[in-house]
Amino acid sequence: MSVIFGILPFIIPEYLLSTMILFFVWAVVAQSWNLVWGIAGLWSMGQMAIFAMAGYCTGWLIIHFNLSPFISVFFGIIISVFASLIIALPSIRLQGVYVILMTISFHEIFRILLTNDTTGFTGGIFGLPMYEGFVSDSLGFSEKIFVQYYIGLAMFVFATLIIWLVLNSRLGLAFKAIGLEPIYASSRGISVYGTQIKAFLIGGGLAGIAGAYWAQYFGTMQPAVLSYDTMVLVFAMMVVGGWGTFSGPIIGALIMVFISEFLHATHQYRLMILGILIISTSVLLPGGLAPLINKFFNKYFKINIFV
Amino acid sequence: MGLFLNTLVAIAYTTVVLGSIFAASSVSLSLIYGTMRFLNLAHGSFLVIGGYVAWVFAHYLGLPLYLAIVFATGFGFALGLFTYFIMLKPLLGIGSPKWDIATIIASVGLAIFLEAAILLIFGPRLKALPHAIEGSVIIGTTVIRYNALFIGAVAIAMLVITNWYLTNSRNGIALRAVASDVDAAYLMGIPSSKMFASAIAISGALATSAGALLGSFYLLKPDRGLDPMMTAIVVVVFGGLGSIKGTIIAAYIVGFIQAFVALTIGIKWSLPVLFAFMIVVLIFRPYGLYGESQQKRI
């Protein structure tokens, strides 16, 4: 029952720092997705849309109202929670595949509206014009990355902690209950609709935090964030890592981020290899890697690392 | 002719041709989902591959369009079988939530792989399929290409053939039995795994030929798969997941909506409107027009 204190702040090569930041962001999103999909059993594809919504709101507030990044991030997250509420309300009446379809619709509508926007409201395909994030642009690149790394690390630890607390609380039990046996849970007094909404809100909030961080780290937001490829990548983190487990998405995020970076070297074969990877993982290991690793550790070290 | 009539003609023409193609494409998706609850997210890439395979036969071998389409259909049949052996057979019997998720993810992986392969083999530039019949007729301001009418006719022919197959042939009836109730069909002596293979093979054949037709109507581009697939998904949901008749009717309605929006408000609004429409359908009638009421509600 030990918590994964994965990434201690140590001195590593600088180009890896930005990769690690990507890992932090996607790990948070993957965990939030896992909470909604893997634990609570709601097959939502809306996490990326909430992520993007938070990021866009944050960036937009900074640009158009000249708010400080901190305040904008705060409001960005609040708005993303509202967005997840809007997505949640029609989705909770549905089940299984229909939730996928409903949430994909929201995602696609958002993406197309952003891409087609020629009024300059959101910057269309090219995204928002650049702005400053938490760390002032006057610092050098190295210093900026260094500070952003620690902010990202803090965010990751915070989000993981929240997930841990939720999973081990009564609410977490409720999530698992409605994920596995909603009818029985309902008969034992758990309000299925209410719990589902809570799952959406918490998951959305976490994704929003990641989105707001992304907005202030990159200094811009682009519709590319909502691309099919990105969504598949993050979704794969949850699936490859192990959906329904605690550390699955973290492992998945680590693996996918580094594979993605590694595959950049293979250029045009990159996507093909990624595709084969996804197929083989889902066919051979339908539960993800985390249960496998857990069994391995269990057998040889008698430690039960993962929830 | 007034603007209104002109637009009407254009809408009618697009609806008939595109609707037929969407119908073929969506029947493919619906057949697969109805038979084995597998939402094939590689469907878009099947469409694209169909177009490119037809192109290879037409361009390199100089075959006329209809033969190229036939070969594309055959390729799709093989592609379906390939998908079955790679992805579906290993996962059979794994139980509900894992099956759904694993098959969807695997199909996404397949889609990524196929589209990357197409990009690699064929390059990113647009390609065109040869026309079956040259020439066009002009009604008002709408140019009606004879080739487009031909494509529409082929699509409708495919639908008729598929429908005949499903209702009159032994294999087809067995497929419908499996789609209706796997266990009962099994008790009747119908081997479900063979039926699954058969279903996805037919579905693949339909998808690639629909893709060839689509490519003939428009142009061939490697990343063209997503939009038609999303449209097919909307059609299938609206028609009712698993119902062939509903899917066909829904295809024409959706084709009409797309044509209407594209020709009145603007093309870039057609997809968002379609998705908004799907949201409305999912809220008020999630089983679609003719979908079966599965006990998938709380």
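About the cut-offs
Residues numbered from 1 in each chain as written. Chains lettered and ligands numbered in written order. Predicted model: local features only at pLDDT ≥ 70, side-chain atom pairs only at ≥ 80, totals over all residues. Helix = DSSP H or I, 4+ residues; strand = E, 2+ residues; numbered from the N terminus. Rg over C-alpha atoms; globule rule 2.2 N^0.38 Å. Buried ≥ 20, exposed ≤ 12 C-beta atoms within 10 Å, placed from the backbone. Contact = placed C-beta atoms within 7 Å. Domains from an automatic or database assignment. Nonpolar A, V, L, I, M, F, W, Y, C, P; charged D, E, K, R; others polar. Expected span 1.5 Å × (residues − 1). Axes fitted to C-alpha atoms, helices over the stretch in contact; angles between N-to-C directions. Left-handed = near helix turned anticlockwise from the far one by under 90°. Pairing = 2+ DSSP bridges. Parallel < 35°, antiparallel > 145°, perpendicular 65-115°, else oblique. pLDDT = per-residue confidence, 0-100.

### Quick word on the overall build of chain B
Piece 1. The helix and strand tally for chain B stands at 11 helices and 2 strands.
Piece 2. Mapped from its N terminus to its C terminus, chain B presents α and β elements in the order α-α-α-α-β-β-α-α-α-α-α-α-α.
Piece 3. Relative to the globule expectation of 19 Å for 298 residues, the C-alpha radius of gyration of chain B, 19 Å, shows essentially globular dimensions.
Piece 4. Along the longest, intermediate and shortest principal axes, the C-alpha atoms of chain B span 60 × 45 × 35 Å.
Piece 5. Burial analysis of chain B (298 residues in total) assigns 51% to the buried set.
Piece 6. Within chain B, contacts between residues separated by at least 24 positions form 78% of all contacts whose residues are at least 6 apart in sequence.

### Here's the deal with the overall build of chain A
Piece 1. When helices and strands are counted, chain A shows 12 helices and 0 strands.
Piece 2. The N-to-C order of helical and strand elements in chain A reads α-α-α-α-α-α-α-α-α-α-α-α.
Piece 3. Sequence-distant contacts in chain A: of pairs separated by 6 or more residues, those separated by 24 or more amount to 75%.

### Examining the domain arrangement of chain A
Accessible area lost on assembly of the parts is the figure often given for the size of an interface.
Residues and elements named next belong to chain A.
Piece 1. Taken domain by domain, chain A holds domain 1 (14–226) and domain 2 (227–307).
Piece 2. Counting residues at the interface gives 18 residues for domain 1 and 20 residues for domain 2.
Piece 3. The residue makeup of the side of domain 1 that touches domain 2, split by class, is 14 nonpolar, 4 polar and no charged.

### Some remarks on helix α4 (residues 97–115) of chain A
Piece 1. For α4 of chain A, with 19 residues, the first-to-last C-alpha span of 27 Å sits near the 27 Å given by 1.5 Å per residue.
Piece 2. Counting buried positions over the 19 residues of α4 of chain A gives 14, a clear majority of the element.

### Quick word on unusual backbone geometry
Piece 1. Positive phi, close to 55°, is recorded for R37 of chain B, a residue that is not glycine.
Piece 2. Looking at the secondary structure, you find R37 of chain B in the loop between α1 (3–36) and α2 (43–59).

### A few points about the interface of chain A and chain B
Piece 1. Contacts between the two partners involve 32 residues from chain A and, on the opposite side, 37 residues from chain B.
Piece 2. Mapped onto the side of chain A that touches chain B, the elements with two or more residues apiece are α4, α7 (182–187), α9 (228–241) and α11 (270–284) of chain A.
Piece 3. Grouping the constituent residues of the side of chain A that touches chain B by class yields 22 nonpolar, 9 polar and 1 charged.

### With respect to the packing of helix α2 (residues 47–65) of chain A against helix α3 (residues 69–91) of chain A
All names here are of chain A.
Piece 1. In contact at an axis separation of 8 Å, α2 and α3 are set at 145° when each is read in the N-to-C sense. The interaxial crossing formed by α2 with α3 has right-handed handedness. In this structure, α2 uses I50, M53, A54, G55, C57, T58, L61 and I62 to contact α3, whose residues at the interface are P69, S72, V73, F75, G76, I77, I79, S80, A83 and S84.
Piece 2. Each residue belonging to the contact of α2 with α3 can be placed in one class, and the counts come to 12 nonpolar, 6 polar and no charged.

### A word on the pairing of strand β2 (residues 142–145) of chain B
Residue and element names in this part refer to chain B.
Piece 1. Direction of pairing for strand β1 (residues 136–139) relative to β2: antiparallel, over a ladder of 4 bridges. Paired with I139 across the two strands is T142, which belongs to β2.
Piece 2. Where β1 hands over to β2, the hairpin turn is made up of 2 residues, of which G140 adopts a positive phi near 70°.

### Quick notes on the packing of α4 of chain A against helix α11 (residues 270–284) of chain B
Piece 1. Axis separation between α4 of chain A and α11 of chain B bottoms out at 9 Å; the angle between their running directions is 150°. Taken together, the axis directions place α4 of chain A and α11 of chain B in an arrangement best described as roughly antiparallel. For α4 of chain A against α11 of chain B, the interelement crossing comes out left-handed. Residues Y98, L101, M102, S105, E108, I109, I112 and L113 of chain A of α4 of chain A form the contact with α11 of chain B, whose participating residues are L271, P272, F275, A276, M278, I279 and L282 of chain B.
Piece 2. The residue inventory of the contact of α4 of chain A with α11 of chain B, partitioned by class, reads 13 nonpolar, 1 polar and 1 charged.

### What about the environment of L129 of chain B?
Residues and elements named next belong to chain B.
Piece 1. Looking at where L129 falls in the secondary structure, it is placed in the loop between α4 (96–122) and β1.
Piece 2. On a C-alpha basis, the gap between L129 and G51 in space is 8.2 Å, while along the polypeptide they are 78 residues apart.
Piece 3. Apart from the residues within four sequence positions on either side, L129 is in contact with A54, W55, A58, L65, G215, S216 and L220.

### Points about the environment of L219 of chain B
Residues and elements named next belong to chain B.
Piece 1. For L219, the position within the fold is in the loop between α8 (192–217) and α9 (226–239).
Piece 2. The exposure class of L219 is partly exposed, given the 14 C-beta atoms found within 10 Å.
Piece 3. Distance from L219 to I202, taken between C-alpha atoms, is 25 Å for residues 17 residues apart in sequence.
Piece 4. If sequence neighbours within four positions are ignored, L219 has contacts with L126, K127 and A128.

### Side note on the confidence of the model for chain B
Residues and elements named next belong to chain B.
Piece 1. Residue-level pLDDT values for chain B average 84, and 96% of them are 70 or greater.
Piece 2. For chain B, β1 is the element with the lowest average pLDDT, namely 78, and α2 is the one with the highest, namely 89.
Piece 3. Low pLDDT (under 50) marks residues 294–298, which in the prediction has 6 contacts with non-local residues, meaning those over four places away or in another chain.
Piece 4. The complex model carries a pTM of 0.84, and its ipTM stands at 0.81.

### Observations concerning α2 of chain A
Piece 1. With 19 residues, α2 of chain A extends 26 Å between its outermost C-alpha atoms, agreeing within 8% with the 27 Å of an ideal straight helix rising 1.5 Å per residue.
Piece 2. Positioned one or two residues after α2 of chain A, N66 of chain A has a phi angle of 55°, which is positive.

### Thoughts on the confidence of the model for chain A
Piece 1. Confidence along chain A averages 81 in pLDDT terms, with 85% of residues attaining 70 or more.
Piece 2. At the low end of the mean pLDDT range in chain A sits helix α12 (residues 289–301) of chain A, at 76; at the high end sits helix α8 (residues 192–218) of chain A, at 90.

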